[in-house]
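# What the coordinates show
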Amino acid sequence: MTRIDIQNIAVMTSGGDAPGMNAAIRAVVRSSVFYKKDIYGIYRGYEGLIEGDIERFTARKVSNIINRGGTILKTARSEEFRTPQGRKKAYQNLKQNNIDALVVIGGDGSFRGMKIFSEEFDFPVIGIPATIDNDINGTDFSIGFDTASNTAVEAIDKIRDTASSHNRLFFIEVMGRNAGFLALYSGIAGGAEDILIPEEDRGINELLNSLKRSKRSGKTSSIVIVAEGDTTGKNVFDLAKYVEKHLKEYEVRVVIIGHIQRGGCPTTFDRVLASRLGVKAVEALLDGQSQKVVGYKNNRITVYPLETAIKKQKPVNQELIDIIEILTT
Ligand code: F6P
């Protein structure tokens, strides 16, 4: 990578939105201004970059957004950026605006695109992990995960009220794509009877046995959290039907929490994380770093290779899986 003096930085959000993205944009914009650099916002992720949807930002442009969910820069998943032609257009637009470094706030798909782009055009890039799925390797938490888990827990708490009033069993599907972090955290915090995640295939019989045990132990209602990527059943409705057929003593209902998990005001944790990561991303660029991701590991902000973030699946914390059985006794 050729080292250049960076004067003009651009920032974008890409992939699924996550609460706290605005706080990260604010931190990137304000730290660029603080270090006397020019800062540009790119709208609609790579899609907007290809179309030249770019605007010069000031520190005031990001006033009153730290508390807002979504992203003021909008976001998209771009098919065209997957093609060499699309990436060439993107590069030309950056050059035309004299932009010499890019900060991408997003998930692993966005980081993959960023890596190819940086390698093709020798262009400095830094990634800030933001996804409610929390599936980016190398960082303990990504922006948006804490808020989304809190939203899921709030929903679970409400469902618990009606579940216990009617003595029912609820299957609640939470988001997470192929990862079980959201299910594990919201399931433990919501006092779930069982948590089904894609990282751990326990099979349908194990679920039936656990529900039978729970009935025998005197529990009258139950909540099972199902990660959307879990494959114990064909889908959560099929799973519920199967359980109702085999465990006649249960009256079953299904809730899919869905995109509610993506919205809302970011929690304090997400705002502080986003602020710390945003500042670090700019500092890393100005320090001559590229193809790196800023992360949060053991309560410290770190800068680590982009390769680490995308090359392997982030493992779930086994200790969390181990305590489920104990907590549901
Ligand atoms: O990656 C975030 C996420 O919300 C996943 O949990 C979910 O699988 C997916 O995005 C939903 O995508 P869309 O908003 O395109 O339906």
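Quick summary incoming for the structure in this document. Counting of residues starts from 1 at the beginning of each chain's written sequence and follows it residue by residue. In view of the model being predicted, local features appear only for residues whose pLDDT reaches at least 70, and side-chain atom pairs are presented and counted only at 80 or more, with totals across whole chains, interfaces and linings using the full set of residues. As a rule here, side-chain values cover all heavy atoms of the structure and leave hydrogens and water aside.

## Notes on the packing of helix α7 (residues 204-216) against helix α8 (residues 236-246)
- Think of each axis as a best-fit line through the C-alpha atoms, taken over the contacting stretch in the case of a helix, with angles from 0 to 180 degrees between the N-to-C directions. Numbering of helices and strands starts at the N terminus; helices are DSSP runs of H or I of at least 4 residues and strands are runs of E of at least 2. In contact at an axis separation of 11 Å, α7 and α8 are set at 55° when each is read in the N-to-C sense. Taken as axis vectors, α7 and α8 run oblique relative to one another. The element α7 and its partner α8 pack so that their crossing is right-handed. Contacts between α7 and α8 involve Ile204, Leu207, Leu208 and Leu211 on the former and, on the latter, Leu239, Tyr242, Val243 and His246.
- Basically, the charged four are Asp, Glu, Lys and Arg, the nonpolar ten are Ala, Val, Leu, Ile, Met, Phe, Trp, Tyr, Cys and Pro, and anything else, Gly included, counts as polar. Residues belonging to the contact of α7 with α8 are distributed by class as follows: 7 nonpolar, 1 polar and no charged. Just so you know how the angles are binned, under 35 degrees is roughly parallel, over 145 roughly antiparallel, 65 to 115 roughly perpendicular, and the rest oblique. Crossing handedness is read from the near helix: turned anticlockwise from the far helix by less than a right angle, it gives a left-handed crossing, and turned clockwise, a right-handed one. Two residues qualify as a contact provided that any one of their heavy atoms is within 4.5 Å of a heavy atom in the partner residue.

## What to know about the site of the ligand
- Being near a molecule or strand, for a residue, comes down to having at least one heavy atom within 4 Å of it. Taken together, Arg77, Ile132, Asp133, Met175, Gly176, Arg177, Glu228, His259 and Arg262 make up the full set of residues near the ligand.
- Within the side chain of arginine 177, one N or O atom sits 3.4 Å away from an oxygen atom of the ligand.
- Contacts described as polar in this section are N or O atom pairs within 3.5 Å, which, within protein, must combine one atom able to donate a hydrogen with one able to accept it, while residues neighboring in sequence count only if both atoms come from side chains. Within the side chain of histidine 259, an N or O atom sits 3.0 Å from an oxygen atom of the ligand.
- Protein contacts shield 74% of the accessible area of the ligand, which totals 400 Å² for the unbound molecule.
- Taken together, the residues of the shell around the ligand break down into 2 nonpolar, 2 polar and 5 charged.
- How far each domain reaches was decided by an automatic or database domain assignment. Residues from two domains meet in the shell around the ligand; each of domain 1 (8-144 + 266-310) and domain 2 (146-262) gives at least three. All accessible-area figures derive from a Shrake-Rupley calculation using a 1.4 Å probe, and residue coverage is judged against the displayed protein chains alone.

## So, the packing of helix α5 (residues 145-166) against helix α6 (residues 181-189)
- Running from N to C, α5 and α6 cross one another at 45°; their axes reach a closest spacing of 9 Å. For the element pair α5 / α6, the angle class is oblique. Judged by the twist between their axes, the crossing of α5 over α6 is right-handed. Residues Phe145, Ala148, Ser149, Ala152, Val153 and Ile156 of α5 pack against Phe181, Leu182, Tyr185, Ser186 and Ala189 of α6.
- Split by residue class, the contact of α5 with α6 holds 9 nonpolar, 2 polar and no charged.

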